[in-house]
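Examination of the molecular architecture
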Amino acid sequence: MSEREREIPGSSIARAARLAGLPLGHAGRVALGVGKRVGGRPAEAVAAEMQARTAEQLFSVLGQLKGGAMKFGQALSVMEAAMPEEVVAPYRATLTRLQESGPPMGAARVHAILAEELGPRWASTKLVEFDDVPAASASIGQVHRAVWRDGREVAVKIQYPGAGKALLSDLNQISRVARVAGSWVPGVDIKPIMDELRARMREELDYSLEARHQRHFARAFRDDEDVLVPDVLVESPQVLVTEWVEGTPLARVIADGSPQERDEAASLYLEFHLRAPNRARLLHADPHPGNFRVTPDGRLGVLDFGAVNRLPDGLPPAMGRLLTAALAGDADTLEQGLRTEGFIRSGIDIDPEGLLEYLAPLVEPVLHEEFTFSRGWLRAAAAQIQDPRRPQFLVGLKLNLPPEYLLIHRVWLGGIGVLSQVGGTVPLREMVCAYLPGIDEPRLPPAR
């Protein structure tokens, strides 16, 4: 394959053709499956083969396109825990692969970018050792392991040429074919994912902005006992050099971690997302497992600060107040608080008791001193909330998501999805009471 082919395909026509091929390819496999069933093959075997092939095509197309298409796949992989097992099983491995892998650029192209961004003598004056084989590939860049001139091991993130144009092209094309996305991974509401990705993509392309965010996080968590944020050594428009973080990827813990490893990883992950907004005044807004490592000394290594939400006052105290009202069974205070924050629009009539019942599956974990997030729990909660046969289903249709809560909501939704994949037991109530502003602990019912 030539260097040109290894870059992000920039032609909108070419990229649209590949993306459009996903639903068309699935339709073709449905037709093939019908033919095989007529020929006498068991329906279960045909369905399994079709899903496996669809999953492999999904990975192949999104991975090759990188850019927004790959980012879209990563967003889906975060929430696979909420999908029914019979649907998601063929997709789990391929979606997880999208978190950290993709076809790499060749060495010659990488060297050319480094010479342009860091100077022609980059190999002798800056990166005295450099591994041409990428350690990871993500949505808009790939990461190489290297040694800085002072002897420190570093991660060198290199943005794919043409990433900006490709991102916008991908997002536009995916939006057009989103109506058939249910045939790829049923049960996922695509539109909110697409809206949020489009709003954040431009920031993720700006490595100078990412470096500023990462330096801020690194200062906030300097010498922290539980969190490690690598320092930034140098940045340019297309290259970002940071300290290397050794450790076990969270995706590996999800795949084959022991019960103890799962408990420790889940606790570190949850505590970071609760602590960071108030400690750093920033929200790490990319919760997928590829951005986290459990280091040899037992800390959570946090990577990739391209997607960040600025929270100058930390998490809104209203979050704690609303959770307190829900847990205490105070329906009237809950309804009024949701109206004040914009979750219920003016003129919308809603039953306060119905609100309590609707939110019960979401807040129930905080009633326990310890809670084990699992795929089974998340599927049951999602099914209960989305069941149109329950009267509370109509309550959910009346709720609004205010713009200032959009990214917080997405991060927490994604974070719960990741925790349910990890499957660890965490001291949830203790953490919520310690770090969530606005919580009124004396009003909470006794822990179970």
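This text goes with the structure placed above it.
Numbering of residues starts from 1 in every chain and runs along the sequence as written. Per-residue local features are limited, in this predicted model, to residues with pLDDT of at least 70; the limit for side-chain atom pairs, both in listing and counting, is 80 or more; totals at the level of whole chains, interfaces and linings are taken over all residues. Based on all heavy atoms of the structure, the side-chain values leave hydrogens and waters out of the count.

1. Comments concerning the overall build of the protein
Where we set the bar: Put simply, DSSP H or I for four residues or longer makes a helix, DSSP E for two residues or longer makes a strand, and each gets a number counted from the N terminus. For every residue, the accessible area obtained with a 1.4 Å probe (protein chains only) is divided by the maximum for its type, and the residue is called buried under 20%, exposed over 50%, and partly exposed between those limits. Throughout, a residue-residue contact means that at least one pair of heavy atoms, one from each residue, lies within 4.5 Å.
Looking only at helices and strands, the protein features 19 helices and 14 strands. The buried share of the protein, taken over its 448 residues, is 52%. Considering only intrachain contacts with a sequence separation of at least 6, the fraction spanning at least 24 residues in the protein is 71%.

2. A short note on the packing of helix α12 (residues 259–280) against helix α18 (residues 403–422)
Here is the rule: Orientation is described by lines fitted to C-alpha atoms, with helices fitted over the stretch in contact, and by angles between N-to-C directions that extend from 0 to 180 degrees. Note that the term roughly parallel is reserved for angles under 35 degrees, roughly antiparallel for angles over 145, roughly perpendicular for angles of 65 to 115, and oblique for everything else. Basically, the charged four are Asp, Glu, Lys and Arg, the nonpolar ten are Ala, Val, Leu, Ile, Met, Phe, Trp, Tyr, Cys and Pro, and anything else, Gly included, counts as polar.
At a minimum axis distance of 10 Å, the contact between α12 and α18 shows a crossing angle of 170 degrees. Compared by their axis directions, α12 and α18 come out roughly antiparallel. Along the contact surface, α12 presents R262, A266, Y269, L270, H273 and L274, while α18 presents V411, W412, G415, V418, L419, Q421 and V422. Residue classes in the contact of α12 with α18 are distributed as nine nonpolar, three polar and one charged.

3. Re the packing of α12 against helix α19 (residues 428–435)
Direction vectors running N to C along α12 and α19 enclose 10 degrees, while the axes themselves pass 10 Å from each other. On the basis of their axis angle, the class for α12 and α19 is roughly parallel. Facing S267, L270, E271, L274, R275 and N278 of α12, the residues of α19 in contact are L428, M431, V432 and Y435. Its residues assigned to classes, the contact of α12 with α19 comprises six nonpolar, two polar and two charged.

4. Thoughts on empty space enclosed by the protein
Quick note on the threshold: Only protein atoms enter the calculation, which uses a 1 Å grid: trapped sets of points that fit a 1.4 Å probe without letting it out are cavities, open sets showing protein on both sides within 12 Å along at least five of seven lines are pockets, and any residue with an atom within 4 Å of a point is a lining residue. Grid points are joined across faces, edges and corners, and a volume is the space filled by probe spheres set on the points.
Taken as a whole, this structure holds two cavities of 30 Å³ or more when the rule is applied. Taken as a whole, the second largest cavity spans an internal volume of roughly 30 Å³. Looking at the second largest cavity, the residues that line it are Y269, L270, H273, V411, W412, G415 and L419. Going through the elements one at a time, α12 and α18 are the ones with two or more residues in the lining of the second largest cavity. The leading source of residues in the lining of the second largest cavity is α18, at four residues.

5. Some points on the pattern of salt bridges
Selection criterion: Every case where a carboxyl oxygen of Asp or Glu lies within 4 Å of a side-chain nitrogen of Lys or Arg is listed as a salt bridge.
By the definition in use, this model includes 14 salt bridges. Here D304 makes a salt bridge to K157, at a shortest N to O gap of 3.7 Å. Residue D304 is located in the loop between β11 (300–302) and β12 (308–310), and its partner K157 is located in strand β4 (residues 153–159); the two are separated by 147 residues in the primary sequence. A relative accessible area of 18% places D304 in the buried class. Here K157 falls in the buried class, since its relative accessible area comes to 16%. In the salt-bridge network here, residues are joined through shared partners; they are R145, E153 and E246.

6. Structural notes on the sheet that holds strand β5 (residues 227–228)
Applicable threshold: Here, strands pair whenever DSSP counts at least two bridges between them.
Taken in spatial order, the four strands of this open sheet run β5-β11-β10-β8, and their pairing is mixed. Strand pairing shows two members of the sheet lacking a second neighbour, β5 and β8 (248–249), which therefore form its edges. Its contacts with the sheet put α12 on β5, β10 (292–294) and β11, and the angle it makes with β10 is roughly 130 degrees.

7. Notes on the pairing of strand β3 (residues 141–148)
Most of β3 sits out of view: six of its eight residues are buried. Bridging between strand β1 (residues 127–130) and β3 involves three bridges; their strand directions are antiparallel. In the strand pairing of β3, E129 is matched with V147. By the bridge criterion, two bridges tie strand β2 (residues 136–137) to β3 in an arrangement that is antiparallel. Residue A136 lies in a different strand from β3, and its bridge partner there is V143. One ladder, built from seven bridges, connects β3 with β4; its direction is antiparallel.

8. Looking at helix α10 (residues 207–220)
Where we set the bar: By definition here, a helix of n residues has an expected span of 1.5 Å times n minus one. Side-chain atoms alone can form a polar contact between residues adjacent in sequence; in general such a contact is a pair of N or O atoms within 3.5 Å, and within protein one must be able to donate a hydrogen while the other accepts it.
For α10, built from 14 residues, the straight-helix expectation of 20 Å at 1.5 Å per residue is met to within 8% by its first-to-last C-alpha distance of 20 Å. Buried residues of α10: Y207, L209, E210, A211, H213, Q214, F217, A218 and A220, and no others. Two to three positions downstream of the cap, the backbone nitrogen of S208 sits 3.1 Å from a side-chain oxygen, assigning the N-cap of α10 to D206.

9. Considering the environment of V143
Its place among the elements puts V143 in strand β3. When the C-alpha atoms of V143 and V154 are compared, they prove to be 9.9 Å apart, with eleven residues separating the residues in sequence. V143 has contacts with P134, A135, A136, A155, V156, K157 and W244, leaving out every residue within four places of it along the chain.

10. Looking at unusual backbone geometry
Its identity is not glycine, yet D223 carries a phi of approximately 60 degrees, on the positive side. Its location among the elements puts D223 in the loop between α10 and β5. Taking the relative accessible area as the measure of exposure, D223 reaches 71% and is therefore exposed. In this model, D304 sits at a positive phi of 60 degrees, which is unusual for a non-glycine residue.

11. Here's the deal with the packing of aromatic side chains
Operational definition: Any Phe, Tyr or Trp ring, taking Trp's six-membered ring, that has another such ring centre within 6.5 Å forms a pair; planes under 30 degrees apart are called stacked, those over 60 apart edge-to-face, and the others tilted.
Evaluation of the coordinates by the stated rule reveals ten aromatic pairs. Centroid distance F217 to F272: 6.3 Å. Interplanar angle 40 degrees. Geometry classified as tilted. One end of the pair, F217, is in helix α10; the other, F272, is in helix α12, with 55 residues separating them in the sequence. An identical accessibility class is assigned to F217 and F272; each is buried. Aromatic pair F343 and Y405: ring centres 4.9 Å apart, planes at 55 degrees, arrangement tilted. Remark: Y405 occurs in helix α18 and F343 occurs in the loop between α14 (331–341) and α15 (352–363); sequence separation between them is 62 residues.

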